[in-house]
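# Chains, contacts and geometry: an overview
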Amino acid sequence: TGQSMDLRDVEFAIVDVETTGSRVNGDRIMEVGVVHLKNGEAHTAFEMLVNPQRQISPFAARLTGIKWEWLHEAPTFADVAEEIRAAIDGRVFVAHNMRFDWRFVSKEMLAATGKPLRGERLCTVKLARKLLPHLPRRNLDALAWHYDVSIIGRHRAGGDARATARVLQYMIADARRQDIDTWEHLKAYMRLPRPRAVRSALPQPVTVEAIA
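Residues numbered from 1 in each chain as written. Predicted model: local features only at pLDDT ≥ 70, side-chain atom pairs only at ≥ 80, totals over all residues. Heavy atoms only, no water.

The subject of this paragraph is the overall build of the protein. Per the secondary structure count, the protein includes 8 helices and 5 strands. Its helices and strands in sequence order give the protein the pattern β-β-β-α-α-α-β-α-β-α-α-α-α, from N to C terminus. Its C-alpha atoms give the protein a radius of gyration of 17 Å, near enough to 17 Å, the size a compact globule of 212 residues would have. Structurally, the protein occupies a C-alpha span of about 50 × 45 × 30 Å along its principal axes. (Helix = DSSP H or I, 4+ residues; strand = E, 2+ residues; numbered from the N terminus. Rg over C-alpha atoms; globule rule 2.2 N^0.38 Å.)

Encoded structure:
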């Protein structure tokens, strides 16, 4: 991605994965969603159930509603790895709690193809901390509520990726209003110290940002 490229010209791949559990070493991806965003235009590039070749944890089954019966005849990650890589390569990898999705996809990609993921990355949780320090929570539900974005298919890869893409569109518009209008500016902004939230005298809810 060109360092001084206008944010409208940056190609983003917004990624969400649903996994059999939260352990990168041991758990597997069972659904992948990738949405492309450029110049305010978003479209779903990849959305598929993946056979994780292991059991789903009860927590993941309850959270996603995904059943093993749906997965045992689905393609494995190795079957669709190159298709997923093509949907991500050359674009900025974006996810809500990006480290989670990046680590899972990169681990699966390395195992399937011998090559890890590479490229620029952006975490919408971290961007929200900078742009929206006043929000008590910055999980996807909180950001969707803030921007009046409907999430159709919560805790499913395609639904969450589409909602994250919509939220990112609003956050880029907020950034541009602060004269952050190039990818280089945005990266520099992300490296600045986190702004201090204005503290309320009222009791604040516990912040749980990692549950994307």
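In this section: the nonpolar core. Phe12, Ile14, Leu122, Leu127, Leu168, Trp183 and Leu186 are the most contacted members of the largest nonpolar core, which has 31 residues in total. At the level of secondary structure, the elements contributing two or more residues to this core comprise strand S1 (12–19), strand S2 (29–38), strand S4 (92–95), helix H5 (124–131), helix H6 (140–147), helix H7 (157–177) and helix H8 (183–191). With 8 residues, H7 is the largest single contributor of residues to this core. Val15, Val32, Phe46 and Ala95 belong to the second-largest nonpolar core, a separate cluster that totals 25 residues. (Core = buried A, V, L, I, M, F, W, Y, C linked by side-chain atoms within 4.5 Å. Buried < 20%, exposed > 50% of the residue type's maximum accessible area, 1.4 Å probe, protein only.)

Take Thr164: it is sitting in helix H7. Exposure remark for Thr164: the relative accessible area of 4% places this residue in the buried category. In this view, Thr164 contacts Ile14, His96, Thr124 and Leu140; residues no more than four positions away in its chain are not counted. (Contact = heavy atoms within 4.5 Å.)

What follows concerns the sheet that holds S4. Strand order across the open sheet formed by 5 strands is S3-S2-S1-S4-S5, with mixed pairing between neighbours. A strand with exactly one partner marks an edge of an open sheet, and here the two such strands are strand S3 (41–49) and strand S5 (121–123). Averaged over all adjacent pairs, the angle separating strand axes in this sheet is 25°, with direction ignored. With 3 bridges connecting them, S1 and S4 associate as parallel partners. Considered in S4, the bridge of Ala13 is made with Phe93. Against the sheet, H8 makes contact with S1, S4 and S5, and its axis sits at roughly 50° relative to S5, the strand it touches most. (Pairing = 2+ DSSP bridges. Axes fitted to C-alpha atoms, helices over the stretch in contact; angles between N-to-C directions.)

This part takes up unusual backbone geometry. Non-glycine residue Asn39 carries a positive phi angle of around 50°. By the secondary structure assignment, Asn39 is in the loop between S2 and S3. Classification of Asn39 as partly exposed rests on a relative accessible area of 49%.

This next bit is on the confidence of the model for the protein. Of the residues in the protein, 90% reach a pLDDT of 70 or more, and the chain-wide mean stands at 92. In this model, residues 206–211 is a region of pLDDT below 50 whose contacts with residues beyond four sequence positions or in other chains number 12 contacts. (pLDDT = per-residue confidence, 0-100.)

For the pair H5 and H8, the least separation of the axes is 10 Å and the interaxial angle reads 75°. Overall, the two elements H5 and H8 adopt an arrangement that is roughly perpendicular. Residues Lys126, Leu127, Lys130 and Leu131 of H5 pack against Leu186, Tyr189, Met190 and Arg191 of H8. (Parallel < 35°, antiparallel > 145°, perpendicular 65-115°, else oblique.)

Two elements in contact, H5 and H7, have axes whose closest approach is 11 Å; the angle formed by their N-to-C orientations is 35°. H7 is crossed by H5, and the crossing has left-handed handedness. Residues Thr124, Leu127, Ala128 and Leu131 of H5 pack against Thr164, Leu168, Met171, Asp174 and Ala175 of H7. (Left-handed = near helix turned anticlockwise from the far one by under 90°.)

Following the sequence through the fold, Glu108 ends up in helix H4 (residues 98–113). Residue classification places Glu108 among the buried residues on the basis of a relative accessible area of 3%. Once the C-alpha coordinates of Glu108 and Ile29 are considered, the two residues, 79 residues apart in sequence, prove to be 7.8 Å apart. Setting aside anything within four residues of it in sequence, one finds Glu108 in contact with Arg28, Ile29 and Phe77.

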